[in-house]
2 protein chains.
Amino acid sequence: MKMERITSLKNPRILAWKSLKEPRGRKAHRAFLAEGKRMAEEALRSGFPVRALLLREDCLKDGMDALAAANLPEQPPVFLLPEHVFSAVCDTKTPQGVAAVLDLQPKPLSGNRFLALDGLQDPGNVGTILRTADAAGFDGAILSPDCADVFSPKVLRATMGSIFRVGLSFPESLPERLEALKREGFSVLSSQLDGEPFYARQGVGEKVVLVIGNEGSGVSGPVRAVATHRLRLPMRGGAESLNAAIAAGIMMYELTREDG
Amino acid sequence: MKMERITSLKNPRILAWKSLKEPRGRKAHRAFLAEGKRMAEEALRSGFPVRALLLREDCLKDGMDALAAANLPEQPPVFLLPEHVFSAVCDTKTPQGVAAVLDLQPKPLSGNRFLALDGLQDPGNVGTILRTADAAGFDGAILSPDCADVFSPKVLRATMGSIFRVGLSFPESLPERLEALKREGFSVLSSQLDGEPFYARQGVGEKVVLVIGNEGSGVSGPVRAVATHRLRLPMRGGAESLNAAIAAGIMMYELTREDG
């Protein structure tokens, strides 16, 4: 195994890894950083191409254990960093001492049940929705260009590792992509406050795309126009709406309810 | 209507209202602050005892409109504050210019469907769960003493006004309170990762308490012991768990599904 110690904050590798906190850095290096013991373990196990494993000096053993558990055909290079250097690379204030640098190459989309996120901008919501999609048994998510960046540190944290398990697709035009899926026999369900009652929906087949809209303005006009169904969850008390991630969770679990 | 202008940051009223951001201040004054146009409007309409309406000088008209719309039998005193004084009182960084000071006197609990929050500590989760309970048609929530304070600014914001519509109860002992409800014929459903399949539950009647546990450690031992049902949602992908607010939302909507 190749192992190297880096102690200078000005080392070009350190500068490159630090830049992965920002969209520009991720784009330039075509890479992202999975921070934390659990995220790094999930990354190693997931089959995502791992460019490097970064370990704080006091976490060498944790890192070696994670590497051994992942049982990779080819070991990624390991870098040992003193505390101040490791902290500079990480986004979290009190990092756990293990992080992985990964190719920015999401799992491709395949399956029967997809989410479509139409302008979801809160990183916590986007991450939580991907985590919930994974748990519900949805196969992946299609994101419009104005969604929060799924490879940003905040979204990654909220996914709790599900980023490595759900398929992802980033079309230039969400309505065009949904049109294409419709032609392949998918029902396109738009979640909107002025829709028909969700629990009384009819004619939704096995192949489903569930569209969740922007936190403030909901599903956009062009996407509503493509939908085969426009549906709303009941609002029984005085609440006017649900949080987008909550609504997504309720509907995904309802759509997979028959799976038991 | 009684209206007064306060321009000094050292005015005793200003100092008192500022202190409502912290638990100690809310306890001392038995009051809390509903910030923002919509929260203040909901507060005025809710029937909660309003001690004062605070308006930034440029928002006099908004405040008067809200007061007129609420059509109160007795007008609360109105205080006009210059921008720097209003901002000092508020917790939000860019306040909307309208706020209401209210008696710390939650809506009492009554009905058939309650949540119990057992050590929920994230303010955003607690607020979102109360908002979702309102939308789902749950009647209220029972909170253990170690939950996030529902009258803190962060929780209030996340409730989006539902704080004024759901009943609330704060027993010294959550297990004892649940025991009492069980004797009244309530099913006590504990949501836990090692429970029985939620969708196959049997013998849950009309009277239900759904228990949601701490974000990290789940439902506590004494509360699990009281439960009539221990249930888990299916985890179909690789995700190990759901966010507490998401799980609460899915289960509340499932439990009220027959309401249509």
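Definitions and limits used
- Residues numbered from 1 in each chain as written.
- Chains lettered and ligands numbered in written order.
- Predicted model: local features only at pLDDT ≥ 70, side-chain atom pairs only at ≥ 80, totals over all residues.
- Heavy atoms only, no water.
- Contact = heavy atoms within 4.5 Å.
- Buried area = accessible area lost by both parts, 1.4 Å probe.
- Salt bridge = Lys/Arg side-chain N within 4 Å of Asp/Glu carboxyl O.
- Polar contact = N/O pair within 3.5 Å; in protein donor to acceptor, adjacent residues only side chain to side chain.
- Helix = DSSP H or I, 4+ residues; strand = E, 2+ residues; numbered from the N terminus.
- Nonpolar A, V, L, I, M, F, W, Y, C, P; charged D, E, K, R; others polar.
- Domains from an automatic or database assignment.
- Phe/Tyr/Trp six-rings, centres within 6.5 Å; stacked < 30°, edge-to-face > 60°.
- Buried < 20%, exposed > 50% of the residue type's maximum accessible area, 1.4 Å probe, protein only.
- Lys NZ or Arg CZ within 6 Å of the ring centre and 35° of its normal.

Asker: Even after reading the chapter, I still don't get the interface of chain A and chain B, so can you show me in this structure?
Answerer: At the interface, 32 residues of chain A touch 32 residues of chain B. Of the roughly 2,800 Å² buried where chain A meets chain B, counting both sides, 53% is carbon and sulfur surface. It is A:R236, A:Y253 and A:R257 in chain A that bury the most area against chain B; as a group they hold 24% of the surface buried on that side. The tally of links from chain A across to chain B stands at four salt bridges. Close ionic contact of A:E254 with B:R257 constitutes a salt bridge, the shortest N to O distance being 2.6 Å. The interface formed by chain A and chain B contains 20 residue pairs in polar contact (both at pLDDT 80 or more). Mapped onto the side of chain A that touches chain B, the elements with two or more residues apiece are α6 (123-136) and α10 (244-255) of chain A. Broken down by class, the residue content of the side of chain A that touches chain B amounts to 12 nonpolar, 11 polar and nine charged.

Asker: How should the domain arrangement of chain A be read in this particular structure?
Answerer: Interface size is often expressed as the accessible area that is lost when the parts come together. All names here are of chain A. What the domain assignment reports for chain A is domain 1 (3-103) and domain 2 (113-259). On a C-alpha basis, the centres of domain 1 and domain 2 stand 31 Å from each other. Residue-level contacts link 15 residues of domain 1 with 12 residues of domain 2. Buried surface at the junction of domain 1 and domain 2, summed over both partners, amounts to about 1,100 Å²; 65% is from carbon and sulfur atoms. In terms of surface lost to domain 2, no three residues of domain 1 exceed R26, F32 and M39, which account for 42% of the buried area on that side.

Asker: Quick question: what am I supposed to make of the environment of B:T92 here?
Answerer: Residue and element names in this part refer to chain B. Mapping T92 onto the fold places it in the loop between α5 (83-89) and β5 (98-103). For the pair T92 and E240, spaced 148 residues apart in sequence, the C-alpha to C-alpha distance is 35 Å. T92 has contacts with E35 and R157, leaving out every residue within four places of it along the chain. At 2.6 Å, the side chain of T92 forms a polar contact with the side chain of E35.

Asker: Honestly, the packing of aromatic side chains in this entry has me stumped. Any pointers?
Answerer: Centre-to-centre distance and the angle between the planes together describe a pair of aromatic rings. Residue and element names in this part refer to chain A. Overall, the coordinates contain 14 aromatic pairs over all chains when judged by the stated rule. A centroid spacing of 5.1 Å and a plane angle of 80° characterise the contact between F48 and F164, whose relative ring orientation is edge-to-face. In this pair, F48 is assigned in the loop between α3 (37-46) and β3 (50-56) and F164 in the loop between α7 (153-159) and β8 (167-169), connecting sequence segments 116 residues apart. For the pair F48 and F164, a shared accessibility class is recorded, and that class is buried. On the numbers, 5.8 Å between centres and 85° between planes, the contact of F198 with Y199 is edge-to-face. In this structure Y199 comes out as buried when scored by relative accessible area, which is 19%. Grouping aromatic residues by their ring pairs yields a cluster made of F32, F48, F151 and F164. One residue, R201, lies across the ring of F198, its end atom 4.6 Å from the ring centre.

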